[in-house]
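Take a look at the letters that make up each chain.
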Amino acid sequence: MHNPTVLLALVSAASAQPLCDAAIDIGWREVEGALVEPRAPVDYHVDLEALQLLGRVVDALQAREIRVVIALVPERTHTVLASSPGEITSPRWLAEERPYQAALAYFRDHGALAPDLGLVARQAQSAGVDFFRPDDGHWSGDGGAAAAEVLAAALLDERPWTWAGSTPTDLVVRTRPDPDRSGWHRKELEKLCGDAGVDPPALKTIRARTPPLGSESLLGELPPAPVVVVGSSFARPGSGFPQALAAALDADVLTVAIVSGRVVTPLRAWLASADLEHAKPEVLVWILPTHHLFAPAAPPQASLHRGTGFRLLLPMLDGGCADDNTVRQLAARGNASLLSTADPPLPSRGHYLQFDGGNALYARFGLEVDYADGTREVVEFSPDERLGAVGSLAFELRQDTAAEVVAIRTTATPRGGLEGSTIRACRYRDH
């Protein structure tokens with residue numbers, strides 16, 4: 001039996017900035033106290049290769065016996081503009097709802113738990129509770145708590161997890177204005193209309209309170225958290241989500257939040273620090289805002305418009321290069337050629353490249369890979385300063401072809417090449 005609902009009652013009315021004529025002229029609106037920015041509908045374009053790669057990432061996590069829970073966060077505007085019961089549903093709203101539901105179905109087809117948070121957001125709105133901040137696209141304290149409750153209920157209804165209830169947790173909730181954290185929508189409006197001197201909305205701050213550790217725990221090694229939350233700013237403790245999830249599960253929750261990390265960066269950061277052989281979690285909650293998942297992307301990022309960045313995750317889930325799966329050591333020559341047509345070719349399917357040490361993690365460089373079928377792949381890499389120390393950079397070779405790799409070149413930039421780096425070709429362990 002899971003905890004009673006942690007959905008919190010709305011304490012204060014939303015406070016919206018007055019709209020000036022310049023803002024109204026370009027489409028800004030206020031709906032029930034919430035600022036609504038002018039925007040085009042989310043572009044739910046899907047690149048089939050990106051979709052297949054994302055599915056493989058979810059499959060690889062599940063193959064590691066990590067239960068994957070997807071928190072697919074809809075656009076705030078999609079909730080605010082939803083029709084009330086009895087009203088005619090707008091074609092524009094349906095144009096976003098159908099692909100949102102299709103995305104949920106895709107994750108479920110790959111075995112992940114993926115509750116409908118869009119429905120949760122609309123139910124909260126109907127109950128007079130702000131699921132999102134009135135001046136921003138992030139969920140509010142109430143919204144984060146509602147999402148946590150639904151995700152926790154789905155997990156606890158699925159099976160009797162042995163760790164559930166192991167760390168009884170209560171929530172301490174405070175509501176106060178935070179003048180230093182104006183929402184993105186309000187900041188954008190101030191550029192058009194100036195600062196109207198409106199007090200920011202009263203935001204909830206949520207803190208998790210757990211029992212003090214016993215002396216035996218302090219002396220021993222603490223067990224790893226059974227639940228890990230990865231995501232961008234939606235996963236920040238400031239959102240209240242991870243604390244509410246810990247309270248709903250009565251369990252320890254580890255959070256890896258990378259602000260503006262989009263889709264790939266938070267998971268890369270966690271994989272770089274996790275020991276999946278000895279201390280893997282039982283549950284991974286992956287927060288994916290739709291405006292990140294369906295955004296245009298460039299390496300080393302990824303989205304469903306372009307999935308190149310997912311090819312950075314899959315080798316990490318394999319455990320990376322080691323003595324047991326290294327098939328070739330590649331030397332960076334003076335002409336930046338790692339593999340020439342005079343060398344024995346490399347297999348492509350089931351293999352990846354890994355760059356360690358030296359300048360590999362800090363260089364901006366291009367990678368050109370020639371395949372025996374006459375095709376060439378060109379990928380640009382740039383450092384992601386939000387990651388911190390990752391340790392290595394691994395990139396999957398093309399898997400849709402049995403063609404061998406006949407040449408590999410790197411193109412350095414003024415920031416430096418790959419001097420001092422170790423470069424290896426490695427085989428996936430399940431091949």
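The residue numbers shown here count from 1 along each chain, following its written sequence. Local features in a predicted model are, by the rule used here, given only for residues with pLDDT of at least 70; side-chain atom pairs are given and counted only at 80 or more, and totals for whole chains, interfaces and linings are based on all residues. Calculation of side-chain values draws on the structure's entire complement of heavy atoms; hydrogens and water are dropped beforehand.

Visitor: Would you mind showing me how to read helix α6 (residues 141–158) here?
Guide: An α-helical segment advances 3.6 residues per turn. Residues three or four places apart therefore align on the same side. Helical segments are the DSSP runs of H or I of at least four residues, strand segments are the runs of E of at least two, and each set is numbered from the N terminus. Multiplying 1.5 Å by the helix residue count minus one yields the expected span of that helix. End to end, α6 covers 26 Å across 18 residues, agreeing with the expected 26 Å (1.5 Å per residue, within 8%). By the criterion of burial, α6 is predominantly enclosed, with 14 of the 18 residues buried. We call two N or O atoms a polar contact when they sit within 3.5 Å, provided that within protein one can donate a hydrogen and the other can accept it, with sequence-adjacent residues counted only if both atoms are side-chain atoms. The N-terminus of α6 is capped by S140, whose side-chain oxygen sits 3.3 Å from the backbone nitrogen of D142. Partly exposed residues are those whose accessible area sits between 20% and 50% of the maximum for their type, while under 20% is buried and over 50% is exposed, using a 1.4 Å probe and protein chains only.

Visitor: What am I meant to see in the environment of A145 here?
Guide: By the element assignment, A145 lies in helix α6. By relative accessible area, which is 0% here, A145 ends up buried. Residues A145 and A248 lie 103 residues apart in sequence; the distance between their C-alpha atoms is 8.9 Å.

Visitor: How should I be thinking about the packing of aromatic side chains in this particular structure?
Guide: Aromatic ring pairs are defined here through the distance separating the ring centres and the angle between the ring planes. Only Phe, Tyr and Trp rings take part, Trp by its six-membered ring, and two of them pair if their centres are within 6.5 Å. Stacked means planes under 30 degrees apart, edge-to-face means over 60, and tilted covers everything else. Scanning all chains against the criterion turns up 11 aromatic pairs. Centroid distance F131 to F132: 5.1 Å. Interplanar angle 75 degrees. Geometry classified as edge-to-face. Classification of F131 by relative accessible area gives buried; the value is 3%. Residue classification places F132 among the buried positions, given a relative accessible area of 6%. Ring centres of Y352 and Y428 lie 4.9 Å apart, and the angle between their planes is 55 degrees; this geometry places the pair in the tilted category. In this pair, Y352 is assigned in strand β11 (residues 351–356) and Y428 in the segment after β16 (422–427), connecting sequence segments 76 residues apart.

Visitor: Explain the confidence of the model for the protein chain here, please?
Guide: Detailed reading of predicted coordinates is not advised where the pLDDT is low. Confidence along the protein chain averages 84 in pLDDT terms, with 86% of residues attaining 70 or more. Confidence scores per residue from the predictor, reported as pLDDT, run from 0 to 100. Ranking the elements of the protein chain by mean pLDDT puts helix α8 (residues 215–219) last with 52 and strand β3 (residues 67–73) first with 98. Confidence drops under pLDDT 50 across residues 1–15; counting only partners more than four residues distant or on other chains, this segment forms 42 contacts. Contacts are assigned to residue pairs that have any heavy atoms within 4.5 Å of one another.

Visitor: Would you take a moment to explain the nonpolar core for this structure?
Guide: Only buried residues count toward a nonpolar core. Its members are Ala, Val, Leu, Ile, Met, Phe, Trp, Tyr and Cys residues joined through side-chain atoms within 4.5 Å. Among the nonpolar cores identified, the biggest contains 84 residues, and W139, F241, L245, L267, W270 and W286 are the most heavily contacted of them. The residues contacting L245, other than those within four sequence positions of it, are A148, A152, V227, V229, V253 and V285. By size, the runner-up hydrophobic cluster in this structure holds 24 residues, among which are L338, L346, V379 and I408.

Visitor: For this particular structure, what's the right way to read the state of the cysteines?
Guide: Note on terminology: disulfide describes a covalent bond linking the sulfur atoms of two cysteines. Note that a disulfide, as used here, is simply two cysteine sulfur atoms within 2.5 Å. One pass over the structure, following the stated rule, counts two disulfides. Here C20 is linked by a disulfide to C193, with a sulfur-sulfur distance of 2.0 Å. On the sign convention where negative is left-handed, the bridge of C20 and C193, at about -75 degrees about the S-S bond, is left-handed. Of this pair, C20 sits in the segment before α1 (21–25) while C193 sits in helix α7 (residues 184–193); the two residues are 173 residues apart in sequence, bridging distant segments of the chain. Two residues, C321 and C426, share a disulfide whose sulfurs are 1.9 Å apart.

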